[in-house]
Amino acid sequence: MDKDELAAAQAYVRLLEATRAALSDPEDAPLYLPLLTSPMREADRALRGAGLTGNEDRLFALVRELQPSLSGSDR
């Protein structure tokens, strides 16, 4: 994994964590959804910079390498 791929995988994980936090309480979700704009923008830039836009298979492989717990295999 090169530095651009690492940055993209990390940005995706941050976006995923922010999304989970924003949606954790359905009642408050509308208040927090606008806060996802920044992590979405960061992830989008990082994906483009790593050449991963449209290559979800590679992105998810990198994310699993970075954080195996996100693979779902521990369920």
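Preceding this section is the structure that the text describes.
Residues numbered from 1 in each chain as written. Predicted model: local features only at pLDDT ≥ 70, side-chain atom pairs only at ≥ 80, totals over all residues. Heavy atoms only, no water.

Before going further, it helps to examine the overall build of the protein. Each helix and strand in the protein was counted, giving four helices and zero strands. In sequence order, the protein lays out its α and β elements as α-α-α-α. By its C-alpha atoms, the protein is 40 × 30 × 20 Å across when sized along the principal axes. When the 75 residues of the protein are sorted by exposure, 24% land in the buried category. Of all intrachain contacts in the protein linking residues separated by at least 6 positions in sequence, the fraction that spans at least 24 positions is 70%. In the structure as shown, the protein presents an accessible area of about 5,100 Å², 52% of it carried by carbon and sulfur atoms. (Helix = DSSP H or I, 4+ residues; strand = E, 2+ residues; numbered from the N terminus. Buried < 20%, exposed > 50% of the residue type's maximum accessible area, 1.4 Å probe, protein only. Contact = heavy atoms within 4.5 Å. Areas by Shrake-Rupley, 256 points an atom, 1.4 Å probe, with all protein chains shown as cover.)

On to helix α1 (residues 3-23). Taking 1.5 Å per residue as the helical rise, α1 with its 21 residues ought to reach 30 Å, and the 30 Å between its terminal C-alpha atoms agrees with that figure. Of all the residues in α1, the buried ones are E5, A8, A9, A11, V13, L15 and A22. Where the residues of α1 are buried, they touch α2 (29-32), α3 (37-49) and α4 (56-66). Backbone nitrogen of D4 and a side-chain oxygen of the N-cap are separated by 3.0 Å at the start of α1; the cap is D2. (Expected span 1.5 Å × (residues − 1). Polar contact = N/O pair within 3.5 Å; in protein donor to acceptor, adjacent residues only side chain to side chain.)

Core analysis: the biggest nonpolar cluster contains 13 residues, and A8, L47, L52, L59 and V63 have the highest contact counts within it. When residues of this core are traced back to their parent elements, those giving at least two are α1, α3 and α4. Top contributing element to this core by residue count: α1, with five residues. Apart from the residues lying within four places of it in its own chain, the contact partners of L47 are A8, L52, T53 and L59. (Core = buried A, V, L, I, M, F, W, Y, C linked by side-chain atoms within 4.5 Å.)

This paragraph deals with the packing of α1 against α3. Following both chains from N to C, one finds α1 and α3 inclined at 155 degrees, their axes separated by 8 Å at the closest point. The angle between α1 and α3 places the two elements in the roughly antiparallel class. Handedness of the crossing formed by α1 with α3: left-handed. Residues D4, A7, A8, A11, Y12, R14, L15 and A18 of α1 form the contact with α3, whose own contacting residues are P39, M40, E42, A43, A46, L47 and G49. Within the contact of α1 with α3, the residues separate by chemical class into eleven nonpolar, one polar and three charged. (Axes fitted to C-alpha atoms, helices over the stretch in contact; angles between N-to-C directions. Parallel < 35°, antiparallel > 145°, perpendicular 65-115°, else oblique. Left-handed = near helix turned anticlockwise from the far one by under 90°. Nonpolar A, V, L, I, M, F, W, Y, C, P; charged D, E, K, R; others polar.)

Here α3 contains 13 residues, and its C-alpha end-to-end distance of 18 Å stays within 8% of the 18 Å for a straight helix at 1.5 Å per residue. The complete set of buried residues in α3 reads P39, A43, A46 and L47. Mapping the buried residues of α3 onto a view down its axis gives an arc of 100 degrees, with all of them on the same face. What points out from α3, more than 90 degrees from its buried face, is the exposed set R45 and G49. Against α1 and α4 lie the buried residues of α3. Looking one or two residues beyond α3, the residue adopting positive phi is G51, at roughly 70 degrees. (Arc of directions from axis to C-beta.)

So yeah, pure geometry; function would need other evidence.
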